[in-house]
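# Coordinates in review
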Amino acid sequence: MWNMLPQTPTRYRTTLQTPVVVFGTAWCAASQMVRRYLDRLGIPYVYRDMEYDRDAARRVQWWTGGYFSHPIVQVGGDILVEPTLDELQWTLANNGLY
Amino acid sequence: MRLNPSERLQELEEKFNSLEARLPDSPEKEALSVLHAMFHEERRTRIASGNGASSNGNGKMTLDQVANLYKTAPKMEGAAENTGLAVGTPAPDFTLPDANNQPVSLRDFRGKNVVLVFYPLDWSPACSDQLSLYQSELDAFKKYDAQLIGISVDSIYSHGAWAAVRGITFPLLSDFHPKGWIAELYNVMRRADGFSERALYVIDREGIIRYAHVSPQLHHVPDIYELFRQLEALAQPAPVEGR
């Protein structure tokens, strides 16, 4: 498996100015709750609607073992599956965003 | 360059994501996906235990655990069976008891905008999140001079307990007896199920329905951004004819 990886070190790190991404659906109350929470805090985020964004849905499946869980909040390297607002707050703080 | 733990995790995540497209669909790929999910669940558990978000230790559920029972409750799904009332028509007046058995009438709120929230049942999936979402937005509704009113076929006692556990402070009215007759009046009663559709009505200061939404699926919660757009439109002065 390891020999499938590139032999030379590769920097995958991007320079995202907004390392917060919400994967959700318009009709999911928990997705709306998370988005509005970030709105109120004034934390910029990218919203990806899993019903219209096939890549977003595929990404979520890759992260979750095949499920279309929502919402999922990506904060840097943290992938929060259906987080509570307490969990989200902790993670934002841990990433220096809260 | 030395990365801190958060940056290192982000880098690893990006590497993990970039590898996905290179792997053919296979049990091995699925196993990697499952392992990734397990890693983040484990991380989440550690965060929760570090924050003391566990049971109270005496074998009884905490209030938070009771509030979250809906997450493991039987699903509530089904296509809408009713279309609701038309926009532009007067909202039918009614009087129903709140959780304290005090009568509440729609006409009590004449002069304010009203957001009438019909929801299927207390304690059920989606309803729990929907009303908590609205509770967290009370300041926004206040800005739009809008009064929230929840209505379901539950008893006043269920409403009282549910509101207490979830911290809901706006009125929850009991359409309990005759069961669902206000839902019938608003054309959102699911007779075979014995509870209402999930539906929203925005009623203006003169008592006219300005927005109506019946969720196409029971578990679909109306888009709050759309609701706010409707309330924002109500806040705008009406266009003057002839200009």
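What you see is a predicted model, and the numbers here were worked out from it, not measured in a lab.

### Some words on the confidence of the model for chain B
Across chain B, pLDDT averages 90, with 91% of residues at or above 70. At the level of chain-chain contacts, confidence expressed as ipTM amounts to 0.80, with global pTM at 0.82.

### What about the sheet that holds strand S8 (residues 199-203) of chain B?
Within a sheet, adjacent strands bond to each other through the backbone by hydrogen bonds, running parallel or antiparallel. Residues and elements named next belong to chain B. Across the sheet, which stays open at both edges, the five strands sit in the order S5-S4-S3-S8-S9 with mixed pairing between neighbours. Strands with a single pairing partner mark the edges of an open sheet, and in this sheet they are strand S5 (172-174) and strand S9 (209-214). Each strand axis lies, on average, 20° off the axis of its neighbour in the sheet, ignoring direction. Examined bridge by bridge, strand S4 (residues 146-152) and S5 share three bridges and lie parallel to one another. Directly across from Ser152, in S5, lies its bridge partner Ser174.

### Topic: the interface of chain B and chain A
The interface of chain B with chain A comprises 45 residues on the first partner and 42 residues on the second. Of the roughly 3900 Å² buried at the junction of chain B and chain A (both faces included), carbon and sulfur atoms supply 52%. Three residues stand out in chain B for area buried against chain A, namely Gln10, Arg44 and Tyr225 of chain B, and they jointly supply 15% of the buried area on that side. The salt bridge partner of Arg58 of chain A is Glu20 of chain B, with a shortest N-O separation of 3.0 Å. Taken together, chain B and chain A are joined by 21 residue pairs in polar contact (both at pLDDT 80 or more). At the level of elements, helix H1 (5-20), helix H2 (27-50), helix H4 (127-135) and helix H8 (224-235) of chain B are the ones that each hand at least two residues to the side of chain B that touches chain A. Residue contributions to the side of chain B that touches chain A peak at 13 residues, all from H1 of chain B. Across the side of chain B that touches chain A, the residue classes break down as 17 nonpolar, 13 polar and 15 charged.

### A closer look at helix H1 (residues 29-41) of chain A
Residue and element names in this part refer to chain A. The end-to-end C-alpha distance of H1, which contains 13 residues, comes to 18 Å, matching closely the 18 Å that a straight helix rising 1.5 Å per residue would cover. Among all positions in H1, only Ala29, Ser31, Gln32, Met33, Val34, Arg35, Arg36, Tyr37 and Leu38 are buried. A positive backbone phi angle near 75° is found at Gly42, which sits one or two residues after H1.

### Some points on the nonpolar core
Residues Leu38 and Leu88 of chain A together with Val115, Tyr134, Phe141 and Leu231 of chain B are the most contacted members of the largest nonpolar core, which totals 38 residues. Looking at this core, the element that brings in the most residues is H8 of chain B, giving five residues. Leave out the neighbours within four places in its chain, and Leu38 of chain A touches Val20, Val22, Ile43, Tyr45, Leu88 and Leu92 of chain A. With 26 residues, the next largest nonpolar core counts Ile182, Ala183, Tyr186 and Ile203 of chain B among its residues.

### Some words on the packing of aromatic side chains
This structure, assessed with the given rule, holds ten aromatic pairs over all chains. With a centroid separation of 5.1 Å and an interplanar angle of 80°, the aromatic rings of Phe23 of chain A and Trp63 of chain A are classed as edge-to-face. Note that Phe23 of chain A is positioned in strand S1 (residues 20-24) and Trp63 of chain A in helix H2 (residues 54-64), a separation of 40 residues in sequence. Residue Phe23 of chain A is classed as buried on the basis of its relative accessible area, which comes to 1%. Classification of Trp63 of chain A by relative accessible area gives buried; the value is 1%. Put simply, the rings of Phe94, Phe118, Tyr186 and Tyr201 of chain B pair up and form one aromatic cluster. Across from the ring centre of Tyr47 of chain A, 3.7 Å away, lies the NZ or CZ of Arg35 of chain A, which sits over that ring. Seen from the ring of Trp62 of chain A, Lys29 of chain B lies directly overhead, with NZ or CZ sitting 5.7 Å from the centre.

### Notes on unusual backbone geometry
In this model, His70 of chain A is joined to Pro71 of chain A through a cis peptide bond whose omega is 0°. Relative to the helices and strands, Pro71 of chain A resides in the loop between H2 and strand S3 (72-75). The omega angle of the peptide bond from His177 of chain B to Pro178 of chain B is -5°, so this bond is cis rather than trans. Backbone geometry places Asn101 of chain B, a non-glycine residue, at a positive phi of 65°. Following the sequence through the fold, Asn101 of chain B ends up in the loop between strand S1 (95-97) and strand S2 (103-105). You can call Asn101 of chain B partly exposed: its relative accessible area is 48%. In this model, Asn187 of chain B sits at a positive phi of 55°, which is unusual for a non-glycine residue. Relative to the assigned elements, Asn187 of chain B resides in the loop between helix H7 (181-185) and strand S6 (189-190). Of the residues examined, Asn187 of chain B reaches a relative accessible area of 29% and is grouped as partly exposed.

Criteria and thresholds
Residues numbered from 1 in each chain as written. Chains lettered and ligands numbered in written order. Predicted model: local features only at pLDDT ≥ 70, side-chain atom pairs only at ≥ 80, totals over all residues. Heavy atoms only, no water. pLDDT = per-residue confidence, 0-100. Pairing = 2+ DSSP bridges. Helix = DSSP H or I, 4+ residues; strand = E, 2+ residues; numbered from the N terminus. Axes fitted to C-alpha atoms, helices over the stretch in contact; angles between N-to-C directions. Contact = heavy atoms within 4.5 Å. Buried area = accessible area lost by both parts, 1.4 Å probe. Salt bridge = Lys/Arg side-chain N within 4 Å of Asp/Glu carboxyl O. Polar contact = N/O pair within 3.5 Å; in protein donor to acceptor, adjacent residues only side chain to side chain. Nonpolar A, V, L, I, M, F, W, Y, C, P; charged D, E, K, R; others polar. Expected span 1.5 Å × (residues − 1). Buried < 20%, exposed > 50% of the residue type's maximum accessible area, 1.4 Å probe, protein only. Core = buried A, V, L, I, M, F, W, Y, C linked by side-chain atoms within 4.5 Å. Phe/Tyr/Trp six-rings, centres within 6.5 Å; stacked < 30°, edge-to-face > 60°. Lys NZ or Arg CZ within 6 Å of the ring centre and 35° of its normal.

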